[in-house]
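Secondary and tertiary structure notes
Chain by chain, the residues run as shown.
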Amino acid sequence: MVQSADYRSGKGHRDENFPVASRLVSARHRPVIMAFYDFARAADDIADHPSLSADEKLRGLDRMEASLTGARSDDDLSVRLREQIASRKLSPVHALDLLKAFRQDVTKLRYDDWDDLIGYCTYSAMPVGRFVLDVHGEDRATWASSDVLCAVLQIINHLQDCGKDYRNLNRVYLPQDSLRAHGAATEDLARAKASPALLACLHELTGRTTRYFDTQPPLADDIGDTRLACEVAAIDSLARQLLAVLQRADPLADKVHFGRAKLLTVMMGSVAKTLVRRILPRSLSDRRPQDIRL
């Protein structure tokens, strides 16, 4: 029996833009988070597989869902996630929502407008944050900020990979109305360098993503688990720095990815700031420096 893992692209959690269950996260939570990541990675690879037909992709995703829900048990990655979430008394709903997004990737190649794109992120990105928060037993009041952060991370990926997505998959996540408003053509995405019209569109979308990011308070501030708060703060900071780069870069011609050294530097700075805010008494940390007497 063919396994979902047989279609893996070779990309793993160390290749992602943002940390996945890093050492910041408690060791007791990492196995279930990694099971979720491996499930999502395999499903994504099926949806993006270059040689599978649309029907074959959908059947592969259906097999994963059946093994996740217990209707069958012939996909090892899905069974592993099913067992992990059952041991933690968690719901499979977030993984099932991700499968909706991967099915959409197979059947939908264009997005009409910003709301259409955010609708996709509702299933492709937001369930990831919700799952991690549920694993840590966080209050679901944190979901609103998490949803925005996760959507922003997803859109950053779309902006970074817009040329590759079009050339390899004929898939365009950039809203069609934004392209039209700037006089850009979808075919511009095949170029080695963005046309002025496409670059204006990309920069406008980057600005809109930044403004959307600011519609919710920082998620890390509302998370009870300090280790998770540190990881989320690092992800938040990385996202903001990538948006700043995208605001002036051409993702068709420029490398808009941070190397490992940059990732570690940003993470260490964010962790230090988060720990300082949590260790210092609230009344002290909220004071202006000139008001603090030593």
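As a starting point, this report considers the structure included with it.

Definitions and limits used
- Residues numbered from 1 in each chain as written.
- Predicted model: local features only at pLDDT ≥ 70, side-chain atom pairs only at ≥ 80, totals over all residues.
- Heavy atoms only, no water.
- Helix = DSSP H or I, 4+ residues; strand = E, 2+ residues; numbered from the N terminus.
- Buried < 20%, exposed > 50% of the residue type's maximum accessible area, 1.4 Å probe, protein only.
- Contact = heavy atoms within 4.5 Å.
- Salt bridge = Lys/Arg side-chain N within 4 Å of Asp/Glu carboxyl O.

In this section: the overall build of the protein. Counting its secondary structure elements, the protein contains 13 helices and zero strands. Each helix and strand of the protein, placed in order from N terminus to C terminus, yields the pattern α-α-α-α-α-α-α-α-α-α-α-α-α. Every one of the 294 residues in the protein was classed for burial, and the buried ones make up 52%. Taking contacts inside the protein between residues at least 6 apart in sequence as the whole, the part at least 24 apart equals 72%.

Scanning the entire structure with this criterion turns up 15 salt bridges. Close ionic contact of Asp45 with Arg41 constitutes a salt bridge, the shortest N to O distance being 3.1 Å. Of this pair, Asp45 and Arg41 both sit in helix α1 (residues 30–47), four residues apart, roughly one helical turn. A salt bridge links Arg103 to Glu65; the shortest N-O distance between them is 2.7 Å. Taken together, the positions of Arg103 in helix α4 (residues 93–107) and Glu65 in helix α2 (residues 54–69) put the pair 38 residues apart, joining distant regions of the chain. The structure contains a network of salt bridges with shared partners spanning Arg41, Asp44 and Asp45.

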